[in-house]
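# Examining the three-dimensional arrangement
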Amino acid sequence: MTVATSVWSLCIATAVMTAILLESQVPERLQATLQERPDAVLNDFAESSSVFARVPQVKNKVKETVEKVVEKVAKKVKKAEPEVVVPEPEDESGHVGRIVQQHGNFASLFTERQFTVHSRGHRWLEGPIWLPADSFVGKKRVDEPLVVFSDVKTNQMRFYSPATQDTGVFHEPSGCFGDSGVDCDSLIEPGSNGLAYHPSSRGIIACQHGARQVAMIIDGENIPLATHYGSKRLNSPNDLSLSPGGDLYFTDPSYGLNKREEDPARELSFNGVYYLNRSSIGKAIRKKIPVQPTPVVIEGIKLSHPNGIVVDPSAAVLYITQCDPSNNYIVSCPLKEDSQQLQCGHFADVKAASKLANYGGCADGIKVDKLGRVWATGPNGVHVFSPQGQLLGYLQTGAKTGNLVFGKDQRLYVAASDKLLSIGLRMPLVPDY
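About the thresholds
Residues numbered from 1 in each chain as written. Predicted model: local features only at pLDDT ≥ 70, side-chain atom pairs only at ≥ 80, totals over all residues. Heavy atoms only, no water. Pairing = 2+ DSSP bridges. Helix = DSSP H or I, 4+ residues; strand = E, 2+ residues; numbered from the N terminus. Axes fitted to C-alpha atoms, helices over the stretch in contact; angles between N-to-C directions. Contact = heavy atoms within 4.5 Å. Disulfide = S-S within 2.5 Å. Buried < 20%, exposed > 50% of the residue type's maximum accessible area, 1.4 Å probe, protein only. pLDDT = per-residue confidence, 0-100. Salt bridge = Lys/Arg side-chain N within 4 Å of Asp/Glu carboxyl O.

For the rest of this paragraph, the subject is the sheet that holds strand β2 (residues 95-96). Judged by pairing direction, the sheet is antiparallel, and its five strands sit side by side in the order β2-β4-β33-β32-β31 without closing on themselves. The open sheet is flanked by β2 and β31 (401-407), the only strands paired with a single partner. Of the strand pairs in this sheet, β31 and strand β32 (residues 411-416) are connected by six bridges, and their pairing is antiparallel. In the strand pairing of β32, Gly407 is matched with Arg411.

Spatially, β11-β12-β13-β14 is the arrangement adopted by the four strands of the open sheet, whose pairing is antiparallel. The open sheet has two edge strands with one neighbour each: β11 (192-198) and β14 (221-226). Averaged over all adjacent pairs, the angle separating strand axes in this sheet is 30 degrees, with direction ignored. One ladder, built from five bridges, connects strand β12 (residues 203-208) with strand β13 (residues 213-218); its direction is antiparallel. The residue of β13 that forms the bridge with Ile205 is Met216. Contacting β11, β13 and β14, helix α5 (residues 278-287) crosses the sheet at an angle of about 140 degrees to β14.

What follows concerns the state of the cysteines. Here the structure, examined in full by the defined rule, presents three disulfides. Covalent S-S linkage joins Cys176 and Cys184, the inter-sulfur distance amounting to 2.2 Å. Measuring handedness by torsion sign, the sulfur bridge of Cys176 and Cys184 sits at about -90 degrees and is left-handed. For the pair formed by Cys176 and Cys184, the shared burial category is buried. Disulfide pairing is shown between Cys323 and Cys362; the S-S distance is 1.6 Å. Disulfide Cys323-Cys362: the torsion about the S-S bond is -60 degrees, which places it as left-handed.

The subject of this paragraph is the environment of Lys139. For Lys139, the position within the fold is in the loop between β6 (135-137) and β7 (140-142). Taking the C-alpha atoms as reference points, Lys139 and Gly220, 81 residues apart in sequence, are found 9.6 Å from one another.

Glancing now at unusual backbone geometry. Cis geometry is adopted by the peptide bond preceding Pro173, which originates at Glu172 and carries an omega value of -5 degrees. Here Pro173 shows up in the loop between β10 (167-171) and β11. Of note in this structure, Arg212 is not a glycine but carries a positive phi near 60 degrees. Tracing the backbone through its elements, the reader meets Arg212 in the loop between β12 and β13. Classification of Arg212 as buried rests on a relative accessible area of 10%. Despite not being glycine, Arg260 has its phi angle at roughly 50 degrees, a positive value. A relative accessible area of 41% places Arg260 in the partly exposed class.

On to the confidence of the model for the protein, then. In regions of low pLDDT, the predicted coordinates are not meant to be interpreted in detail. Confidence in the prediction for the protein averages 84 pLDDT; 78% of positions are at 70 or higher. Segment residues 16-53 is flagged for pLDDT under 50; beyond a separation of four residues in sequence, or across chains, it makes 57 contacts in the model. Between residues 76-90, whose pLDDT stays under 50, and residues either more than four places distant or in other chains, the model counts 27 contacts.

Evaluated as defined, the whole model comprises six salt bridges. Across the pair Lys419 and Asp418 runs a salt bridge, and its minimum N-O distance is 3.1 Å. Where salt bridges share partners, they join Asp134, Arg141 and Asp143 into one cluster.

Encoded structure:
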């Protein structure tokens, strides 16, 4: 170790020690140094002590300072470890889960420490969407805002009213209709899954497992938008996302088939991602005839089990979750004019964290807030990432978690197994489109 390195270490030590003695925060630049190479810095401090101890004038003072700094810095580094925000005890009104802060001030995004349970006793909830007040579904006007969600295993769409706390059936059947010789009762997941509200058509677009199609529901009528790729039936459309311009992306894994990839009813040999442009959607609705979806070719990274999908608010990036229990992650694909072929890359892992409750499942539903943060459901509940892919924290839900939506009432709604949950947000995060 050189004298120059020792001087540098002592400078850091002095700056940190001064901040500690004045009970102020360690400067951000020094915090970064400590977080990036804490072991090296601590070793430098220790070695500095022996080097400067040869100078009689500073021997005792340096030794005392360095020892204190080593102790204090060790505590600072320890404090940089993930913080578990302890939840308040459950009460009779039904609160579950907790916030786990991993980086920055993640917990400050929320006005509450736990989720409120709004509806329970379902089978498997998915695809929540926010219907604003005064919107229309067909000819029916929605007078008050509603959260509409799928109960995939009971073949129902259900609703929750934030204004009245009422809940009930919104649309039934939602994904399987007993046509084409399909026995809906024999299917494990016959109902709708991912949903999206389509304002210009006054309808709800649904991924329908039992019918194996993407359809628009207008005034109770089920209008297929996409049923086949080429001459072969789609697997079981799972999740979808409308871009700000009105184009539709959807995933087509085999999760709605009882035996999945091994199901004898499966006709396609792959799990795909597809695209319907705005004009194709309009054509299918006008003629009431499904159109051919355009396959999206994903290059640059493996995507064998596409699950959740979302277009970011700027329409610049398409995010897709890879649902593989052995290797869950999020793929990011910069969008371009030619949506048929995308060069994609790894955005973030969605893995079960040690020492946290693991609810099972894999990378599933995904949303992007108005500031570009990515929210994805996975083994630990809701995993939240910065726009650059850094893990900010978790929202533990207490159960296997399917999907989520930002409500315009400044709450985050989450479908978690048999329950619909929500938690208050400090600021509006709903994208503007």
